[in-house]
Structures are given as structure tokens and as C-alpha cells.
Amino acid sequence: MEAALQVAERSAGVFDPALGRLTDVWGLGPRRPDSPPDEAAIARALEVSGWRRLALDRAGEGVSARLRQPGGLWLDLSGVAKGYAADAVADLLARAGVAHALVEVGGECVGRGMRPDGDPWWVDLETPQGIALPPLRVALHQLAVATSGDYLRGAHTLDPRTGHVPHGAASAVSVLHPSCMMADAWASALGAVSLAEARELAVREGLAARLIARDGGEWLSPALSAML
């Protein structure tokens, strides 16, 4: 939650872990409605949603952390949970003495240490089917990568500002980061806005990001270009 709220603040709410009501009315959770929601249903969901309605009291000496909300708000951590899980498995292996591992959870990858042959863990960034781009292979040397997009499950990313699927968003977004949890959250954020907004946000935050447009165009952030 601390990481999710940090990215929510840095992205001005483009990433929002408190949109459970909204994703529910769109049928992106366990409930499957027969038709898309009308504007009134979207407005009602937005009224009781939003990360600014959450208050995180961090843990202190002798005090447990608490997350408070005013009531009626639902969390949706799907934009950060897989990355968190990948980090958790990698950390668990490290505590067990396994210093060299490649961990993958739902397409999100964490590379720790080296391969048995002394090479880093090489991973090809995901490219939507039908888009002709040369493979982009990255070395996950103490790095993680997360990819977000609608090319596998269809449109499932919402713009928290409008409550709708974003217009002009990238077909796929990949972000490299030392933390898979943060890579996952930022990939979700960049996929929730238009390509122009995503590029501006990636540059401002110094993110190593790759955006693939629906027409097959590719954009690499300055931070990612410097790594290649």
C-alpha cells in the first residue's frame, strides 16, 4: 500500500489503488455484468473511490500500520500485486540462500544474481502479436521488468480521472526498475493515459520505459535508451 500510494501521488492519480468500485461496475473483477455500465453507475463508483480517501498510518515502534478509509471504498491492487509477489518470492529465495534466480509471476520478472553460465538473466520484452518490431532483449541484472497492455485480456485498464478506458493509450508498456512492485505500478500508470501523457510522465520520473503504439510505433524513454 505504501508503494501504491507513492506512485498514486507521483502520477497525480493516474495510478490509483482505490478503484475497486469502478473496476467492479466495469466487470473487471469477479462480478461479470451483462452490459457495460452507464454514466450514472460510473459516476456513483467514482464518488466513493480514489486514493486521496485513504489514510495510511505507518508502523512505528510498538505500533502496527493501519490503513483507514471513510467507508464504502474498495481496493483494487491488481496493478501492483503481481510485481509485489515476484519481489516477495525473490526475497524468500535470497533468505534461503538462493542468490541466483529468475522469478516470474504473471509475466512480471525479477532477476537476481547471474545465470549458471555467468551471463545475466536475459529477457525479451513483450510485444503484442501482429506488431512487427525487432526483439528487445534486456539483462535483468538486479533488475525487474513489468509489462502492461490490452493485447492479451482486452481492454482492462481504466483512466481514474474519467472512469473510462483511456483513449490513445499504448498497446503495451514495459518498465524496468530495481523493484518489480514499482515497475508493475508504473507500467499500469503509463498504460492508463494517452501516449503523449505516458511519454511525458516517463521522462519526468526518469523511468526506463518502452511504449508500443497500436500502429506498431515504438518509443523508448531516455532512461531506457541509456541502458541499451
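These notes cover the structure that comes with them. (Residues numbered from 1 in each chain as written. Predicted model: local features only at pLDDT ≥ 70, side-chain atom pairs only at ≥ 80, totals over all residues. Heavy atoms only, no water.)

Now for the overall build of the protein chain. In terms of regular secondary structure, the protein chain is built from seven helices and ten strands. Relative to its length of 228 residues, the protein chain is compact, with a C-alpha radius of gyration of 18 Å against a globular reference of 17 Å. Per-residue burial for the protein chain yields a buried fraction of 44% across its 228 residues. Sequence-distant contacts in the protein chain: of pairs separated by 6 or more residues, those separated by 24 or more amount to 57%. Here the protein chain displays about 11,700 Å² of accessible surface, and carbon together with sulfur accounts for 54% of that area. Averaging the coordinates of the 21 positive side-chain charges in the protein chain and doing the same for the 27 negative ones gives two points 3 Å apart. (Helix = DSSP H or I, 4+ residues; strand = E, 2+ residues; numbered from the N terminus. Rg over C-alpha atoms; globule rule 2.2 N^0.38 Å. Buried < 20%, exposed > 50% of the residue type's maximum accessible area, 1.4 Å probe, protein only. Contact = heavy atoms within 4.5 Å. Areas by Shrake-Rupley, 256 points an atom, 1.4 Å probe, with all protein chains shown as cover. Lys, Arg positive; Asp, Glu negative; His and termini not counted. Charge placed at Lys NZ, Arg CZ, Asp CG, Glu CD.)

Bringing the sheet that holds strand β10 (residues 218–220) into the picture now. Strand pairs in the sheet, formed through backbone hydrogen bonds, run parallel or antiparallel to each other. Read across the open sheet, the six strands follow the order β3-β4-β7-β8-β9-β10; overall the sheet is antiparallel. Only two strands of the sheet have a single partner each, and these edge strands are β3 (101–105) and β10. Within this sheet the neighbouring strands show an average axis-to-axis angle of 10 degrees, counted without direction. Here five bridges tie β3 to strand β4 (residues 108–112), and the two strands are oriented antiparallel to one another. Counted as the bridge partner of Val-105 is Glu-108 from β4. Where helix α5 (residues 180–190) meets the sheet, it contacts β4, β7 (144–149), β8 (172–177) and β9 (208–212), and its direction lies at approximately 150 degrees from that of β8. Contacts between helix α6 (residues 195–205) and the sheet are confined to β9 and β10, with β9 contributing the most and set at about 170 degrees to the helix. (Pairing = 2+ DSSP bridges. Axes fitted to C-alpha atoms, helices over the stretch in contact; angles between N-to-C directions.)

Ranked by internal contacts, the top residues of the largest apolar core, which has 27 residues, are Val-7, Phe-15, Val-173, Val-175, Trp-186, Leu-190 and Leu-211. For this core, the element with the highest residue contribution is α5, accounting for seven residues. Setting aside chain neighbours within four positions, we find Val-173 in contact with Ala-146, Thr-147, Ser-148, Ala-187, Leu-190, Gly-191, Arg-210 and Leu-211. (Core = buried A, V, L, I, M, F, W, Y, C linked by side-chain atoms within 4.5 Å.)

By themselves, these are just geometric observations and shouldn't be taken as functional.
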